[in-house]
Amino acid sequence: MTNQLSPLYDKKVLCLYCKNTFHSKRVRSSFIRIKTIDSDFCKVYKEEMINPLFYETDVCPDCGFASTEAFSLEFPNGAKDEIAKQFENWKTQEFGKERTVSDAIKAMKLAILSANLKRENRIVIGGLCLRLAWIYRSIEDYNQERRFLLAAYLDYEVSYERGDYIGTKMTELRLLYLLGELARRIEKREKAGLYFTRVIQHKKRATETKIVEMAREQWYIMRNQEQVNPTK
Ligand SMILES: [Zn+2]
C-alpha cells in the first residue's frame, strides 16, 4: 500500500492580468517545519527544499505576469499597457512544478517586476524584495541578499511615509522595527538607531512587547559592534 503524501499540492490560480487559470504548487502545512526565525522574521526550515517561500509567487505560464496573495485586484490607469509592453516577447514558461532555488529566484523577480508595473503598494513590493533577500541568504549569496535588503528597506520607508501598510497585517511597530533591523543589516547605523528608538519609545509599546524587546536587543547588539569597531 502506498500512502505517501507529497509535501506539495496543486492550487488553481487565476492570472490577475490575463484571467487565464493555471496551477501552482503550495506546501502542505503539515510538512512545514521551522528550525529558527532570524531577527528580520526570515524562517529557516528543517528541510531546505520544503520551503513555502519558493511557492509564494504564481507565475502565469501564458503571459508572464506574476503575483502573490498580497496583490490587489485593481490595475491603475495605464498599468495594463505597461505590462503588455514588458511581457511582449514572453514565451510560455512553466513554473507550476516543484521549484529549485533558481526557479524560486526567477519567480520572485517576475513578481517584483509585475508589482512595480502595476504600481502595487510599497508594503507589498518591499515584502517581495525582503523575501528574495531571504532566498539569497539561504544559498549564502550575501551580495545579492544585501542588494534586496536595501531595496526592501527603501520600499518600506516609502510605505511608512505614505501609510500604505495600514489595513494589512503589518502594524506600525512591526514596520518601524523592520526598518531598524534592515538598516542595521545594511549598515545604516544611524537610521537603525533612529528606528529602534522609535519602537522603544512608541506610545503603543505596551501592545507589542515582543517587538519592543527585539528592538532593544538588536540596538544593543549594534552598539556593541560599534565598540568593537570604533572606526566604523
Ligand atoms: Zn496571465
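Please read all numbers here as calculations on a predicted model, not as lab measurements. (Residues numbered from 1 in each chain as written. Predicted model: local features only at pLDDT ≥ 70, side-chain atom pairs only at ≥ 80, totals over all residues.)

Draft legend 1. Examining the nonpolar core more closely. If you look at the biggest cluster of nonpolar residues, it comprises 54 residues, and the most contacted ones within it are Leu128, Cys129, Leu132, Ala133, Ala152, Leu179 and Val199. Elements supplying a minimum of two residues to this core: helix H2 (101-117), helix H3 (122-138), helix H4 (142-162), helix H5 (172-185), helix H6 (189-200) and helix H7 (209-228). The element best represented in this core is H3, accounting for 11 residues. With residues near it in sequence (within four places) discarded, Val199 still touches Leu173, Leu176, Tyr177, Gly180, Ile211, Val212 and Ala215. (Core = buried A, V, L, I, M, F, W, Y, C linked by C-beta atoms within 7 Å. Buried ≥ 20, exposed ≤ 12 C-beta atoms within 10 Å, placed from the backbone. Helix = DSSP H or I, 4+ residues; strand = E, 2+ residues; numbered from the N terminus. Contact = placed C-beta atoms within 7 Å.)

Draft legend 2. Just the packing of H5 against H6, in detail. Their axes nearest at 7 Å, the elements H5 and H6 cross at an angle of 155 degrees. Between H5 and H6, the angle is such that the two are roughly antiparallel. In terms of crossing hand, the pair formed by H5 and H6 is left-handed. Residues Leu173, Leu176, Tyr177, Leu179, Gly180, Ala183 and Arg184 of H5 touch H6, and the partners they reach there are Lys191, Ala192, Tyr195, Phe196, Arg198 and Val199. The class makeup of the residues in the contact of H5 with H6 is nine nonpolar, one polar and three charged. (Axes fitted to C-alpha atoms, helices over the stretch in contact; angles between N-to-C directions. Parallel < 35°, antiparallel > 145°, perpendicular 65-115°, else oblique. Left-handed = near helix turned anticlockwise from the far one by under 90°. Nonpolar A, V, L, I, M, F, W, Y, C, P; charged D, E, K, R; others polar.)

Draft legend 3. Inspection of the pairing of strand S3 (residues 34-37) at higher detail. Sheet topology note: the S3/strand S4 (residues 43-45) ladder contains three bridges and is antiparallel. From the neighbouring strand, Ile37 faces S4, where its bridge partner is Lys43. Between S3 and the antiparallel strand that follows it, S4, lie five residues; Phe41 among them carries a positive phi value of about 75 degrees. (Pairing = 2+ DSSP bridges.)

Draft legend 4. Just H3, in detail. Here H3 is 17 residues long and its end C-alpha atoms lie 24 Å apart, about the 24 Å a rise of 1.5 Å per residue gives. Of all 17 residues in H3, 15 are buried; the element is thus mostly enclosed. A positive phi of about 60 degrees marks Glu140, the residue just after H3. (Expected span 1.5 Å × (residues − 1).)

Draft legend 5. Molecular detail of the environment of Tyr45. Note that Tyr45 resides in strand S4. Placed 56 residues apart in sequence, Tyr45 and Val101 show a C-alpha to C-alpha distance of 14 Å. With near-sequence residues (within four places) excluded, Tyr45 lies in contact with Ile32, Arg33, Ile34, Lys35, Ile50 and Asn51.

Draft legend 6. View of the pairing of strand S1 (residues 8-14). For S1 and strand S2 (residues 21-27), the ladder comprises seven bridges, and the chain directions are antiparallel. The residue of S2 that forms the bridge with Val13 is Phe22. Where S1 hands over to S2, the hairpin turn is made up of six residues, of which Lys19 adopts a positive phi near 70 degrees.

Draft legend 7. Molecular detail of the packing of H3 against H4. Their axes nearest at 8 Å, the elements H3 and H4 cross at an angle of 160 degrees. Taken as axis vectors, H3 and H4 run roughly antiparallel relative to one another. In this structure, H3 meets H4 at a crossing whose hand is left-handed. Residues Arg122, Ile123, Ile125, Gly126, Cys129, Leu130, Leu132, Ala133, Tyr136 and Arg137 of H3 pack against Gln144, Glu145, Phe148, Leu149, Ala151, Ala152, Asp155, Tyr156, Val158, Ser159 and Arg162 of H4. Residues belonging to the contact of H3 with H4 are distributed by class as follows: 13 nonpolar, three polar and five charged.

Draft legend 8. Layout of the environment of Pro52. Looking at the element boundaries, Pro52 is found in the loop between S4 and strand S5 (58-59). For Pro52, a count of 16 C-beta atoms within 10 Å gives the class partly exposed. Measuring from C-alpha to C-alpha, the distance between Pro52 and Ile34 comes to 11 Å, with 18 residues separating the pair along the chain. Contacts of Pro52, omitting those with residues within four sequence positions, involve Val27 and Ile32.

Just geometry here; none of it tells us what the structure is for.
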